[in-house]
Amino acid sequence: MLYVIFLIFSCFYLSQINEERRCSRLLLKASPVILLWVLLIGGQLGIGADYNNYLAYFNHPHFEMRFEPLFVEVTRFFYNLGLEGQGLFFLYAAINAIVIFIASYRLGIRHWAIYFFLFVTVSTFFNNQMNGIRQCTAVAFVYWAFVELYNSKIKGTALILLATGFHYSAIANMAFLFLRWVTNLVTKFPKLLLILTLCLTLLPADESINTVLIESLPEEFAEEADYERMYLDNEEMSEGIDWMVKLSKILLIPIYWICLRALDENYLSPKERLYFKFGLLSYSLRCILLINNLIGRFSYFFWIPSILPI
């Protein structure tokens, strides 16, 4: 019920916001939505398998933990300022909210209410913040990086590296440095892409894929990221993701198919066409990467941009 109330209020409030020329003014106008976001996400209690581990760390962040360096430094910095325990959940909720709004502003969103509705209901980023704290913060920065990569590889690269400091998996997004070229190539035949997405998403999991991938990583990285301990020869982590999860994603294919008319009718600007095509690619990757629990983690980075075609 809280989600529904938050969504209704936020969409109504954001529908009153016009396009702003300055990001600072947008953040100021959207502050009631950001505040409610932080209160709802930061106020979680016992949600997710890792909640107790994070709470214990947030109460004693000077203990040695196998966490990414930037996550450790940010946590310790604010802990030394007096923010501890549950307060750090609020901090990371605030970071996520602000970064998402900045990235969305840079993207050039005009219809904020529609965009936010899809962000909450389709991307699933909002509710997943309550579990994958480090990776969701990385996802927010990578989304911003994707937006910037079309204009500046330096800014995009810097943001990906920043995201890697919160979760090592973000480094895989360096493969998208030539985002414009990759997007145009893969989405050249968009209907074929959607058909392939359907077929590949339904493929069963291959239990050997984790071993092959982890053995291809530099040994230091695999060990530092804790992938060897968690995923190597781990039957549970090699199993395919639940079919209901896959079904909930591929059920959207008809909607994306209908949305392709936006490309045919030529009413999108060149910039909008680029982001539309990247959103289509993101949706495909979001579905196809649902092979198993390890590969599925990389699909997180495409949650938010996947809503752009809709």
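Please refer to the structure higher up on the page.
I will try to describe carefully the structure that is included in this document. Bear in mind the structure is a predicted one, so any value in this text is a computation, not a measurement.

The description of two aromatic rings rests on the distance between their centres and on the angle between their planes. Under the definition given, this model contains 36 aromatic pairs. Look at Tyr57 and Phe71: their rings are 6.1 Å apart centre to centre, the planes differ by 20 degrees, and that puts the pair in the stacked class. Taken together, the residues span a long stretch of sequence, with Tyr57 in helix α4 (residues 51–59) and Phe71 in helix α5 (residues 69–80) at a distance of 14 residues. In this pair, the class of Tyr57 matches that of Phe71, namely buried.

Attention now moves to the pattern of salt bridges. Going through the model one piece at a time under the given rule, you end up with three salt bridges. As a salt-bridge pair, Glu68 and Arg134 come within 2.8 Å of each other at their nearest N and O atoms. You can see Glu68 sitting in the loop between α4 and α5 and its partner Arg134 sitting in helix α9 (residues 133–149), a full 66 residues away along the chain. No difference in accessibility class separates Glu68 from Arg134, as the two residues are buried. Between Glu272 and Arg110 there is a salt bridge; the shortest N-O distance is 3.2 Å. Placement of the pair is Glu272 in helix α20 (residues 270–288) and Arg110 in the loop between α6 (87–107) and α7 (112–121), with a sequence separation of 162 residues.

Their axes nearest at 9 Å, the elements α6 and α9 cross at an angle of 15 degrees. What the angle tells us is that α6 and α9 run roughly parallel. Taken as a pair, α6 and α9 cross one another with a handedness that is left-handed. Across from Phe89, Tyr92, Ile95, Asn96, Val99, Ile100, Ile102, Ala103, Ser104, Arg106 and Leu107 in α6, the residues of α9 making contact are Ile133, Cys136, Thr137, Ala140, Phe141, Tyr143, Trp144, Val147 and Glu148. Classifying every residue of the contact of α6 with α9 by side-chain character gives 15 nonpolar, three polar and two charged.

In this section: unusual backbone geometry. With phi around 65 degrees, Thr124 is a residue other than glycine that occupies positive phi space. With respect to the secondary-structure elements, Thr124 resides in the loop between α7 and α8 (125–128).

Here we come to the packing of α6 against α7. Between α6 and α7, the shortest axis-to-axis distance is 13 Å and the interhelical angle comes to 130 degrees. What the angle tells us is that α6 and α7 run oblique. Taken as a pair, α6 and α7 cross one another with a handedness that is right-handed. Taking contact as the criterion, the partners of Ile100, Phe101, Ser104 and Tyr105 in α6 are, on α7, Trp112, Tyr115, Phe116 and Phe119. For the contact of α6 with α7, the residue count by class is seven nonpolar, one polar and no charged.

With that out of the way, let us pick up empty space enclosed by the protein. Enumeration according to the criterion identifies three cavities of 30 Å³ or more in this entry. Empty space within the largest cavity amounts to approximately 50 Å³. As for the largest cavity, its lining consists of Ile41, Gln44, Phe89, Tyr92, Ala93, Asn96, Gln129, Ile133 and Thr137. Among the secondary structure elements, those contributing two or more residues to the lining of the largest cavity are α6 and α9. With four residues, α6 is the single largest residue contributor to the lining of the largest cavity. Looking at the lining of the largest cavity residue by residue, the classes come out as five nonpolar, four polar and no charged.

Rules used in this analysis
Residues numbered from 1 in each chain as written. Predicted model: local features only at pLDDT ≥ 70, side-chain atom pairs only at ≥ 80, totals over all residues. Heavy atoms only, no water. Phe/Tyr/Trp six-rings, centres within 6.5 Å; stacked < 30°, edge-to-face > 60°. Helix = DSSP H or I, 4+ residues; strand = E, 2+ residues; numbered from the N terminus. Buried < 20%, exposed > 50% of the residue type's maximum accessible area, 1.4 Å probe, protein only. Salt bridge = Lys/Arg side-chain N within 4 Å of Asp/Glu carboxyl O. Axes fitted to C-alpha atoms, helices over the stretch in contact; angles between N-to-C directions. Parallel < 35°, antiparallel > 145°, perpendicular 65-115°, else oblique. Left-handed = near helix turned anticlockwise from the far one by under 90°. Contact = heavy atoms within 4.5 Å. Nonpolar A, V, L, I, M, F, W, Y, C, P; charged D, E, K, R; others polar. 1 Å grid on protein atoms, 1.4 Å probe; cavity = no way out; pocket = protein on both sides within 12 Å on 5 of 7 lines; lining within 4 Å. Points joined across faces, edges and corners; volume = space filled by probe spheres on them.

Shape is all these values report; function is a separate question.
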